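# Survey of secondary and tertiary structure
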Amino acid sequence: GENVEQHPSTLSVQEGDSAVIKCTYSDSASNYFPWYKQELGKRPQLIIDIRSNVGEKKDQRIAVTLNKTAKHFSLHITETQPEDSAVYFCAASTGTYKYIFGTGTRLKVLA
Amino acid sequence: EPEVTQTPSHQVTQMGQEVILRCVPISNHLYFYWYRQILGQKVEFLVSFYNNEISEKSEIFDDQFSVERPDGSNFTLKIRSTKLEDSAMYFCASSGQGAGEKLFFGSGTQLSVL
C-alpha cells in the first residue's frame, strides 16, 4: 500500500548549521509533497510544498528538492535557529483527498 | 489569517460512550478532513468530505465513525462507541481546492478514552 518513509527520526544540529530531512514515497502516482512543522502540543503548520513538475523550491532558509525517479524528496533548512526546533512531517498525495504522512523527524537546534 | 477551529480542546470519555468532535473549517473552503495522531506517532488520514458526502476514507474509519456537516459552518466527527485505542489527538483540516492542495489544520481535540 501507500507509504512514506522519513529519516532521520531525530536530528540535533548546532545553531547556524544546516539540517536535512529525507522522505521516500512508494506510490509513483504521488504528485504533491507538503512539509509540515509541528511544535509541541500544537497543530501541524504547512511550511513549504512542491509539486511533481518542479525539482526544487526555496523559501528563505527552507528548500525542498524532489527526485521523481528515485521517489525521494528532502527538506533543507539552512542557518538553523533555536525556533526551528520542532517535529517535521513530510507527506505525499496522489491527487486524491488522502495525504500520507511520514513518521516525523524531531529536530533540535542547540544554541 | 483565517483558521480552522476545533472544540473541545480536550475530551475525556468512558469506553463505550459516544463522542462528537466539532470543527469550523475556514469559511470559503469546500473540502474537509479528519486526521488523528496517536501520541508520538505520525498523522493518519481518517476521512475526507466534499459536497456533503465522504470522498475517501481509510481503513481506520470503520462503522463506529461518522461525519456530518449539519449546517453551513460546522463539520463533526462522531465516534459511536469509543474504545481505548481511540485515544488520540484528532485534527480537523480544510482546503480550498480539494485533492492535492494545501491543508490547513485545526488545533486539535485530545480525546482520552478511559
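Data block above holds the structure.
To start, this report covers the structure provided alongside it. (Residues numbered from 1 in each chain as written. Chains lettered and ligands numbered in written order. Predicted model: local features only at pLDDT ≥ 70, side-chain atom pairs only at ≥ 80, totals over all residues. Heavy atoms only, no water.)

## A look at the overall build of chain A
- Counting its secondary structure elements, chain A contains zero helices and 11 strands.
- Listed N to C, the secondary structure of chain A is β-β-β-β-β-β-β-β-β-β-β in terms of helices and strands.
- A compact globule built from 111 residues would reach a C-alpha radius of gyration of about 13 Å, and chain A, at 13 Å, matches this within 12%.
- Judged by the C-alpha coordinates and their principal axes, chain A covers about 40 × 30 × 20 Å.
- Residue burial in chain A is summarised as follows: out of 111 residues, 45% are buried.
- Of all intrachain contacts in chain A linking residues separated by at least 6 positions in sequence, the fraction that spans at least 24 positions is 53%. (Helix = DSSP H or I, 4+ residues; strand = E, 2+ residues; numbered from the N terminus. Rg over C-alpha atoms; globule rule 2.2 N^0.38 Å. Buried < 20%, exposed > 50% of the residue type's maximum accessible area, 1.4 Å probe, protein only. Contact = heavy atoms within 4.5 Å.)

## Some points on the environment of Thr80(A)
Residues and elements named next belong to chain A.
- Here Thr 80 lies in the loop between strand E8 (72-77) and strand E9 (86-93).
- Expressed as a C-alpha distance, the spacing of Thr 80 and Ala 91, which sit 11 residues apart in the sequence, is 22 Å.
- In this view, Thr 80 contacts Val 13, Gln 14, Glu 15, Gly 16, Asp 17, Ser 18, Ala 19, Arg 61 and Val 109; residues no more than four positions away in its chain are not counted.

## Digging into the state of the cysteines
Residue and element names in this part refer to chain A.
- Summed over the entire model, instances satisfying the criterion amount to two disulfides over all chains.
- Bridging Cys 23 to Cys 90, the disulfide has an S-S length of 1.9 Å. Judged by the sign of its S-S torsion, about -100 degrees, the cystine formed by Cys 23 and Cys 90 is left-handed. Highlighted residues: Cys 23 in strand E3 (residues 19-25) and Cys 90 in strand E9, separated in sequence by 67 residues. (Disulfide = S-S within 2.5 Å.)

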